[in-house]
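# Coordinate inspection notes
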Amino acid sequence: MLKPLPAERWNHAAATHLLARAGFGGSPGSVARLAAQKHAAAVDSLVHFDPVKDPFPPPPWAQPDPTRAERLRTYRQASPEKRQELQREERRLQQDRLLSLREWWLQRMTLGPQPLQEKLALFWHGHFATSMEKVRDAYLMWRQNQTFRELGAATWPSLLEAASKDPAMLIWLDQAQSRRSHPNENFARELLELFALGEGHYSEKDVAEAARALTGWSLDASRQSFAFRPRQHDPGSKTVLDQTGPWKGEDIVRQVATSRQSSLWITGKLWYFFAGQPPATAWQQQLADRFHAHGQSFRPWLREIFLSEAFYATDLVRAQVKSPVQWLVGTVQALECPLPPAPASSQALRLLGQDLFAPPNVKGWEGGLSWINASSLMNRYQLAAYLVSGELAPSARPARATNDMNRPRRARRNRQAQALRVEPLLTPEERRDPELAISALSRRLLGMPLGVAQRRSIDEFLAARSPLDDADLRHVIRLILCTPEFQLT
């Protein structure tokens, strides 16, 4: 068992750290409620999320569309001009659904009662990076996202098999095109390298043999679901990772998932995601040992991690660069304000470098310091200004529709957000006193006092303003959102 955090070290700061890493952060009230519990009870409230009733029903279009396959066949048989027109309509339909899907997920992250479940779904989305750019079916992207939500805290073998058979994945890595006569190695290679083992822990022969075992895994286009096609499966003997047999796809996935290297690989990635630093070799061995002790089940393993003293080490607290999603969702939670309209949120995340359902490549997002560069930092500043003022900078506005018929609909979607309401964030006394206002806003947004330089800058701004009005206080909030400290969690 990992060494637990001493009871006397469980306090408001530790609760802030836990809620920021196991979720996206929260309001002062939500942190206080977590800190008021005993440490184990606080962790259990995050980890045991299944009994909580889900207040977010799926989007109305999130169900198999039996007409889609026939529709796509019709496109192919139409004249070139008609085909282009039909394909434009289909792209527009899917883009509208994708926008709806992004909004639905961001709302879940922001307002949902199960922050760890959504944080895990975000991790698995980056790990099994699959893009709408190639899948081109919002329903399949929603379905994969839902699988990550339902199995994200289950066992590693069950999740890996479900992700491998996922229809979006079958399209994304060409497994649906693999044939007995010509095994496609794309999925087999990423299964071994990116998903389960890491580089240097397999051979080219392992890839080729695993691809043979996976033949027959395909897609039922009419039902938009996984299908096994026996005639396309290679039933011969294969040798993968030094084990020989007439393996099928399920055998390979299970063999890979239950290996020692796979436990090291996936627990190392999860520790980096939640703790913010890659584990040292000895610590990674302990993480994998504990994972095996829990039967490769993520839920009890995560519970032990969040209870461990190591998770609250001083060099981990407030040392992780916020991802764009963490920045947006956490800021909205801290300011207790609505998310920006869906097109603005979607565009903001794209500019910040984390376009949901469209990761940059099969490796997903690199994370860490890669989130910050001169351009993305400027975009964070613009988003901060937008959240407090409700006015979007021209460069951050979604592109205008070129089709006149879409303008009314898109105009509604691109509506300006409201300026931030300051009144709910500060008491009347705090709103009158600059000293009290800065302290209260620092606690709310940073969980700690401002740095000396940042404090001096804000003091200089407020020195010429008396009495304070809401515009002054909104400006102070924007300045805090733009500090280096706010970019970290």
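Keep in mind the model is a prediction, meaning the values are calculated, not measured.

Conventions we followed
Residues numbered from 1 in each chain as written. Predicted model: local features only at pLDDT ≥ 70, side-chain atom pairs only at ≥ 80, totals over all residues. Heavy atoms only, no water. Helix = DSSP H or I, 4+ residues; strand = E, 2+ residues; numbered from the N terminus. Expected span 1.5 Å × (residues − 1). Buried < 20%, exposed > 50% of the residue type's maximum accessible area, 1.4 Å probe, protein only. Salt bridge = Lys/Arg side-chain N within 4 Å of Asp/Glu carboxyl O. Axes fitted to C-alpha atoms, helices over the stretch in contact; angles between N-to-C directions. Parallel < 35°, antiparallel > 145°, perpendicular 65-115°, else oblique. Contact = heavy atoms within 4.5 Å. Nonpolar A, V, L, I, M, F, W, Y, C, P; charged D, E, K, R; others polar. Pairing = 2+ DSSP bridges. Phe/Tyr/Trp six-rings, centres within 6.5 Å; stacked < 30°, edge-to-face > 60°. Lys NZ or Arg CZ within 6 Å of the ring centre and 35° of its normal. pLDDT = per-residue confidence, 0-100. Polar contact = N/O pair within 3.5 Å; in protein donor to acceptor, adjacent residues only side chain to side chain. 1 Å grid on protein atoms, 1.4 Å probe; cavity = no way out; pocket = protein on both sides within 12 Å on 5 of 7 lines; lining within 4 Å. Points joined across faces, edges and corners; volume = space filled by probe spheres on them.

The end-to-end C-alpha distance of helix α17 (residues 324–335), which contains 12 residues, comes to 16 Å, matching closely the 16 Å that a straight helix rising 1.5 Å per residue would cover. Counting buried residues in α17 gives 12 out of 12 residues, a clear majority hidden from the surface. Within α17, the full set of buried residues consists of Pro324, Val325, Gln326, Trp327, Leu328, Val329, Gly330, Thr331, Val332, Gln333, Ala334 and Leu335.

Attention now moves to the pattern of salt bridges. Taken as a whole and judged by the stated rule, the model has 31 salt bridges. Between aspartate 137 and arginine 68 there is a salt bridge whose closest N-O contact spans 2.9 Å. With aspartate 137 in the loop between α7 (132–135) and α8 (138–151) and arginine 68 in helix α4 (residues 68–77), this residue pair connects regions lying 69 residues apart in the sequence. Each member of the pair, aspartate 137 as well as arginine 68, carries the same accessibility label: buried. Note that arginine 73 and glutamate 70 form a salt bridge whose closest N and O atoms lie 3.1 Å from each other. In this pair, arginine 73 and glutamate 70 both sit in helix α4, three residues apart, roughly one turn of the helix. Looking at arginine 73, the relative accessible area reads 38%, which means it is partly exposed. Assessed through its relative accessible area of 44%, glutamate 70 is described here as partly exposed. Each of Asp65, Arg68, Arg71, Glu90 and Asp137 takes part in a single network of salt bridges with overlapping partners.

Angle between the axes and distance between the axes: these two values describe a pair of packed helices. Taken N-terminus to C-terminus, the directions of helix α11 (residues 186–197) and helix α14 (residues 260–275) make an angle of 55°; their axes are 9 Å apart at the nearest point. With respect to their mutual orientation, α11 and α14 come out oblique. Across from Glu193, Leu194, Phe195, Ala196 and Leu197 in α11, the residues of α14 making contact are Gln261, Ser262, Trp265, Ile266 and Lys269. Residue composition of the contact of α11 with α14, by class: six nonpolar, two polar and two charged.

Here we come to the pairing of strand β1 (residues 217–220). For a regular strand, the rule is simple: side chains alternate between the two faces of the sheet. Inspection of the sheet shows β1 paired to strand β2 (residues 225–228) by four bridges, in the antiparallel sense. From the neighbouring strand, aspartate 220 faces β2, where its bridge partner is serine 225.

The next subject is the environment of arginine 97. Take arginine 97: it is sitting in helix α5 (residues 80–111). Separated by 197 residues in the primary sequence, arginine 97 and histidine 294 place their C-alpha atoms 39 Å from one another. Setting aside chain neighbours within four positions, we find arginine 97 in contact with Trp61 and Ala138.

Below, the discussion takes up the packing of aromatic side chains. Scanning the entire structure with this criterion turns up 22 aromatic pairs. Here phenylalanine 123 and tryptophan 124 contribute two aromatic rings whose centre-to-centre distance is 4.8 Å and whose plane-to-plane angle is 75°, an arrangement assigned as edge-to-face. On the numbers, 6.2 Å between centres and 25° between planes, the contact of tyrosine 139 with tryptophan 142 is stacked. You can see tyrosine 139 and its partner tryptophan 142 sitting in helix α8, three residues apart, about one turn around the helix. For tyrosine 139, a relative accessible area of 6% translates into the label buried. Cation over ring: arginine 299 sits above phenylalanine 49, and NZ or CZ is 4.8 Å from the ring centre. In this structure, lysine 322 packs its charged tip against the face of phenylalanine 486, placed 3.4 Å from the ring centre.

As a further point, take the confidence of the model for the chain. When pLDDT is averaged along the chain, the result is 94; 95% of the residues meet or exceed 70. Segment residues 401–405 is flagged for pLDDT under 50; beyond a separation of four residues in sequence, or across chains, it makes four contacts in the model.

With that out of the way, let us pick up the environment of arginine 229. Its location among the elements puts arginine 229 in the loop between β2 and β3 (238–240). Residue classification places arginine 229 among the partly exposed residues on the basis of a relative accessible area of 35%. Residues arginine 229 and leucine 356 lie 127 residues apart in sequence; the distance between their C-alpha atoms is 32 Å. Apart from residues lying up to four places away in sequence, arginine 229 is in contact with Gly216, Ser218, Leu219 and Asp220. Of the polar contacts made by the side chain of arginine 229, one reaches the backbone oxygen of leucine 219; its length is 2.9 Å.

So, on to the layout of surface pockets. Here the second largest pocket defines a volume of roughly 990 Å³. Taken together, 38 residues line the second largest pocket, and the ones lying closest to its centre are Lys269, Tyr272, Phe273, Trp365 and Glu366. Those elements that provide at least two residues to the lining of the second largest pocket are α6 (115–127), α11 and α14. It is α14 that provides the largest number of residues to the lining of the second largest pocket, a total of seven residues. By residue class, the composition of the lining of the second largest pocket is 16 nonpolar, 15 polar and seven charged.

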